[in-house]
Amino acid sequence: MVGVLLALFCGYFVGKGSVPRPAPAPADHAHAGPEYSLALEASDFPLGSARDLRFRVVGAAGETVTDFAVRHDERMHVVVVRSDLTGYQHLHPSMGPDGTWSVPLTLGAPGTWRVFADFAAGGVDAVAGSFVSVAGAFSPVPLGPAILGISGVSVTVEGGLRAGGTEPLTLRVSTGPLARYLGAYGHLVLVRTGDLAFVHVHPEDAARADGREVRFWVTPPGPGTYRAFFDFSIGGVLRTAEFTLNCTL
C-alpha cells in the first residue's frame, strides 16, 4: 500500500470496565541474543501525580544487567503507552550504581499501561517489557484520526507495512529543516493493537527534500493494526505525530 495518508483511521473498541493485561508480545524479545526481563520496584501508580518509575534489567541467569551501550545518545530508551495506545511517552531514565534505572512518570488516566525498555547490551539490541496500572474506571479511547498537525507543523506519510517484509515509510514535514534528536532526524515507534507488539525504528541518516523528509525502513513482527508515533524536532521544539497503519500479509 503506497500513498499519502493524511487522515489514517482504524476503529478499535473495548468495553468499559477492568481490562486484563494483554499477553506480552513476541516482538518484545524479537532481537537476537540473551532474553531480558524488566523487574519493576512498583507497578501501581497514582492518577495524575509524578512518581519515579524504577526498574532493573534482568538477564537470562537472573543477574542484574549494568553494562549498556550508548545508542542514539542514551543508554536506555523507555516508551510508555496505555493499553488502548493513548498517552504515549518517550523517556530517558538514569541508572544508579546498583543497576536500578529511575525516571519520573506521570500517568493521566486509569488503566493498564505497557512499559518498554529499549536498549543495547551484550552486543545486541534488545527490548524488555512490563506493565504498570492506575486504579479507577478504565474508559478506552478508540483509535481516531491521525494527529498530524503539531504546533503549526503538518506531517504527511507515504508507504505502508507488509508482514514478513521490510517496507519504506517516508515522513514529510511541512516546514523545517528537521533537526537531529537523539542522534537521528526522527524516531518512529509502532505498537500493535491487542498484544502490544513493539517496534522502534530510526531513519536513514540523511534528511531529504531540503531537510523536511526522512525515510524509515520498517519490518513489522506480523499482520495487524499499529499505532505509529513519530518523534521529531524542528527549531529545538520536540513534537510527536500519531497515525495508524494496517499491516497486511
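These numbers come from a predicted model, not from an experiment.

J.: Explanation requested: the overall build of the protein chain in the structure shown.
T.: A tally of regular secondary structure across the protein chain gives 0 helices and 19 strands. Across the 249 residues that make up the protein chain, the buried fraction comes to 50%. Contacts spanning at least 24 positions in sequence make up 66% of the contacts within the protein chain whose residues lie at least 6 apart. Carbon and sulfur atoms form 54% of the exposed surface of the protein chain, whose accessible area is close to 10,600 Å².

J.: Which parts of the structure should I look at to understand unusual backbone geometry?
T.: Backbone phi values are negative for most residues with the exception of glycine, while trans is the configuration of most peptide bonds. Following G176, the chain continues into P177 via a peptide bond in cis, with omega recorded as 5°. Examined against the element boundaries, P177 turns out to sit in the loop between β14 (167–173) and β15 (187–192). If you check the backbone angles, L182 has positive phi at about 55° while not being a glycine. Residue position: L182 is located in the loop between β14 and β15. Residue classification places L182 among the buried residues on the basis of a relative accessible area of 11%. Of note in the backbone geometry, D210 takes a positive phi value of approximately 60° without being a glycine.

J.: How should I be thinking about the pairing of β14 in this particular structure?
T.: Working note: regular strand, side chains alternate between the two faces of the sheet. Examined bridge by bridge, strand β12 (residues 153–159) and β14 share 5 bridges and lie antiparallel to one another. If you follow E158 over to β14, its bridge partner there is T170.

J.: Sorry if this is basic, but what is going on with the sheet that holds strand β10 (residues 124–134) here?
T.: Working definition: the strands of a sheet are paired by backbone hydrogen bonds and lie parallel or antiparallel to each other. As summarised here, the arrangement of the 5 strands in space is β3-β10-β9-β5-β6, forming an open sheet in which the pairing is mixed. The strands lining the two open edges of the sheet, one partner per strand, are β3 (44–45) and β6 (89–91). By the bridge criterion, 11 bridges tie strand β9 (residues 111–121) to β10 in an arrangement that is antiparallel. Within the sheet, the bridge partner assigned to F119 lies in β10 and is A126.

J.: Explain the pairing of β15 to me, please; I cannot follow it from the model alone.
T.: Burial analysis of β15 places 6 of its 6 residues in the buried class, which makes it a mostly covered element. Neither face of β15 is open: one carries H187, V189 and V191, the other L188, L190 and R192, and all of them are buried. Looking at chain direction, β15 and strand β18 (residues 224–234) are connected through 6 bridges and run antiparallel. When the sheet's bridge partners are listed, H187 is paired in β18 with D231. The pairing of β15 with strand β16 (residues 198–201) spans 4 bridges and is classified as antiparallel. Looking across to β16, one finds that L188 is bridged to V201. Two successive antiparallel strands, β15 and β16, enclose a turn made up of 5 residues, where G194 displays a positive phi of approximately 90°.

J.: Whenever I open this one, the sheet that holds strand β4 (residues 51–58) confuses me. Can you help?
T.: Pairing within the open sheet is antiparallel, and its 4 strands lie in the order β2-β4-β8-β7. Across the chains shown, the open sheet's two edge strands, defined by having one partner strand only, are β2 (37–40) and β7 (94–95). Note: β7 against strand β8 (residues 101–105), 2 bridges, orientation antiparallel. Among the inter-strand pairings, S94 is bridged to a residue of β8, identified as S102.

J.: In this structure, what is going on with the confidence of the model for the protein chain? I would like to understand it.
T.: Do not read the fine detail of predicted coordinates wherever pLDDT is low. Per-residue confidence for the protein chain gives a mean pLDDT of 87, with 86% of residues at or over 70. Low pLDDT, under 50, characterises residues 1–20; the predicted model gives this stretch 48 contacts beyond four residues in sequence or across chains. Long-range and interchain partners of residues 22–33, a stretch whose pLDDT sits below 50, account for 32 contacts in this model, where long-range means more than four residues apart.

J.: Sorry, what's going on with the packing of aromatic side chains here?
T.: Two aromatic rings, taken as a pair, are described by how far apart their centres are and by the angle between their planes. Tallied over the full model, the rule gives 7 aromatic pairs. Look at F68 and F119: their rings are 5.5 Å apart centre to centre, the planes differ by 85°, and that puts the pair in the edge-to-face class. Taken together, the positions of F68 in the loop between β4 and β5 (77–82) and F119 in strand β9 put the pair 51 residues apart, joining distant regions of the chain. Relative accessible area serves as the criterion here: at 6%, F68 is assigned to the buried category. Relative to F232, the ring of F230 lies with its centre 4.8 Å away and its plane at 20°, an arrangement referred to as stacked. Summarising the burial analysis for this pair, F230 and F232 share the class buried. Here the basic side chain of R51 rests over the ring of F45, its NZ or CZ set 5.2 Å away from the ring centre.

J.: What exactly am I supposed to notice about the nonpolar core here?
T.: If you look at soluble globular proteins, the nonpolar side chains tend to sit buried side by side. Grouped together as the largest cluster of nonpolar side chains are 29 residues, with contacts concentrated most on L171, L188, L190, F230, F232 and F243. Element by element, the count of residues in this core is highest for β18, at 5 residues. L53, M76, L91 and A126 belong to the second-largest nonpolar core, a separate cluster that totals 25 residues.

The rules behind these values
- Residues numbered from 1 in each chain as written.
- Predicted model: local features only at pLDDT ≥ 70, side-chain atom pairs only at ≥ 80, totals over all residues.
- Heavy atoms only, no water.
- Helix = DSSP H or I, 4+ residues; strand = E, 2+ residues; numbered from the N terminus.
- Buried < 20%, exposed > 50% of the residue type's maximum accessible area, 1.4 Å probe, protein only.
- Contact = heavy atoms within 4.5 Å.
- Areas by Shrake-Rupley, 256 points an atom, 1.4 Å probe, with all protein chains shown as cover.
- Pairing = 2+ DSSP bridges.
- pLDDT = per-residue confidence, 0-100.
- Phe/Tyr/Trp six-rings, centres within 6.5 Å; stacked < 30°, edge-to-face > 60°.
- Lys NZ or Arg CZ within 6 Å of the ring centre and 35° of its normal.
- Core = buried A, V, L, I, M, F, W, Y, C linked by side-chain atoms within 4.5 Å.

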